[in-house]
Amino acid sequence: MSGHLQPLLTAVGGSLPEEQLRVVRRAYEVADRWHSGQFRRDGRPYITHPVAVAVIVSELDQDHELLCAALLHDVLADTACPEEELAAEFGEPSTDLLRGIRLLDYAKRRPPEWPVSTDERVLTLKLADRLHNQRTISGLPEARQRVNSQENLDVVVPVARRLGLTEVEEELRRLALANLSGLGGARPFFGAITAGAIMLPAAARGRWLEEWLGELLALPGGRARLGFTFCLLAGMPWLALTLRGQGAARGGRVAAAGRAAVRCLRWVVRSDLRTWALLMPLLGWLVLDAAAERLADAVVIVLTVPPVLAAAIHTIRARLGDEDGRE
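I will try to describe carefully the structure that is included in this document.

Let us now look at the nonpolar core. Core analysis: the largest hydrophobic core is formed by 50 residues, its most contacted members being Leu8, Leu67, Leu71, Leu72, Leu86, Leu125 and Leu127. Once residues within four sequence positions are removed from consideration, leucine 86 is found in contact with Val30, Leu72, Val75, Leu76, Cys81, Gly91, Thr95 and Leu98. Val147, Leu177, Phe189 and Leu233 belong to the second-largest nonpolar core, a separate cluster that totals 34 residues.

The structure is reproduced here in structure tokens:
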């Protein structure tokens with residue numbers, strides 16, 4: 001048995017009956033075989049990641065089925081292992097957990113309400129996976145680190161809080177904030193961009209945020225970043241329509257979806273009341289989230305983001321008016 005399993009054996013101690021421990025060892029052997037030759041970005045064998053996730057699961061006092069799923073959680077997505085083989089050897093309970101975690105790994109198939117609709121055992125496994133990835137995030141490109149950390153703060157930490165996993169919640173928040181603290185003066189601008197990006201399709205959001213963050217960090221100061229943020233927010237609805245239209249085109253519904261989206265956007269922006277009724281909850285969340293960590297960031301957002309949004313609304317309204325004139 002490889003020494004990579006030892007941290008999990010130490011964490012489990014004598015808490016599992018011998019028969020259940022045998023199944024956990026077998027899950028490790030299967031995962032180690034299928035991940036053979038794969039490495040993490042830091043150069044370590046890939047098997048060290050599922051073992052670390054299983055250690056976190058063990059510390060949360062979960063059963064041997066979830067331990068097996070933790071060891072095997074990337075096998076279906078990252079190797080050629082047939083699902084039927086895992087089901088035959090480890091049973092449907094563990095395999096169902098693997099199906100659930102695999103669904104969450106694919107943004108295009110992930111249900112929008114996944115934080116509340118997903119089975120709690122699958123969410124626990126996902127939290128353990130996210131926590132270890134946040135602990136070892138330095139191997140990712142800088143922009144990707146920041147995007148992942150922001151998502152952990154916005155989406156994953158609240159899930160941990162809801163499940164009562166206080167230690168996971170606190171460590172994940174601490175690590176994510178430590179990573180984001182390097183944004184310095186760019187943080188409020190990236191917060192505004194992240195809030196605006198909610199309009200984009202979930203599958204494309206991370207890629208665009210990563211690219212925009214890299215450009216934002218390269219800008220020399222607050223004025224340049226403000227202008228960059230303004231241009232992005234002004235163009236966000238059009239980018240959202242384009243991306244969603246491309247997705248609809250694959251299903252043959254691009255024209256109808258595009259027209260409906262434009263009609264909806266036109267109806268919203270023609271009224272200040274409707275526009276700000278939609279934007280104010282988002283802006284309020286952004287201010288409160290920033291104030292919880294640093295009051296100065298919240299003040300910057302209050303002073304800069306509403307004028308930027310107002311200018312973006314004016315620009316969108318003018319462009320829609322121009323289109324009406326050409327129709």
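What follows continues from the structure just given.
Right, let's get into helix α8 (residues 120-135). With 16 residues, α8 should reach 22 Å at 1.5 Å per residue; the first-to-last C-alpha distance of 22 Å fits that figure. In terms of residue burial, α8 counts as a mostly covered element, since 12 of its 16 residues are buried. Looking at α8, one finds that the buried residues are Val122, Leu123, Thr124, Leu125, Lys126, Leu127, Ala128, Asp129, Arg130, Leu131, His132 and Gln134. Tucked inside the fold, the buried residues of α8 contact α3 (48-59), α4 (64-72), α6 (83-105), α7 (114-117), α9 (142-162) and α10 (166-180). Backbone nitrogen of arginine 121 and a side-chain oxygen of the N-cap are separated by 2.8 Å at the start of α8; the cap is aspartate 119.

Among the secondary structure elements, threonine 95 is positioned in helix α6. Along the chain, threonine 95 and glutamate 65 lie 30 residues apart, while their C-alpha atoms are 9.1 Å from each other.

This part is about the pattern of salt bridges. In this structure the tally under the stated criterion is 15 salt bridges. We note a salt bridge from arginine 173 to glutamate 169, for which the minimum N-O separation is 2.8 Å. In this pair, arginine 173 and glutamate 169 both sit in helix α10, four residues apart, roughly one turn of the helix. Of the residues examined, glutamate 169 reaches a relative accessible area of 9% and is grouped as buried.

Conventions we followed
- Position labels on residues start from 1 in each chain and follow its written sequence.
- Totals for whole chains, interfaces and linings use all residues, but because this is a predicted model, local features are given only for residues with pLDDT of at least 70 and pairs of side-chain atoms are given and counted only at 80 or more.
- Heavy atoms throughout the structure, all of them, feed into the side-chain values; hydrogens and water do not.
- Remark: nonpolar core denotes a set of buried residues (Ala, Val, Leu, Ile, Met, Phe, Trp, Tyr, Cys) joined through side-chain atoms within 4.5 Å.
- In this scheme, a residue with accessible area under 20% of its type's maximum is buried, one over 50% is exposed, and one in between is partly exposed, where area comes from a 1.4 Å probe on protein chains only.
- Any two residues whose heavy atoms approach within 4.5 Å at even a single point are treated as in contact.
- Here a strand is any run of E in DSSP of at least two residues, a helix any run of H or I of at least four, and the numbering for each starts at the N terminus.
- To estimate how far a helix should reach, multiply one less than its number of residues by 1.5 Å.
- We define a polar contact as two N or O atoms separated by no more than 3.5 Å, with the added condition that, inside protein, one atom must be a possible hydrogen donor and the other a possible acceptor, whereas residues neighbouring each other in sequence contribute only through side-chain atom pairs.
- Salt bridge, as applied in this entry: a Lys or Arg side-chain nitrogen positioned within 4 Å of an Asp or Glu carboxyl oxygen.

Remember, this is a structural readout, not a statement about activity or role.
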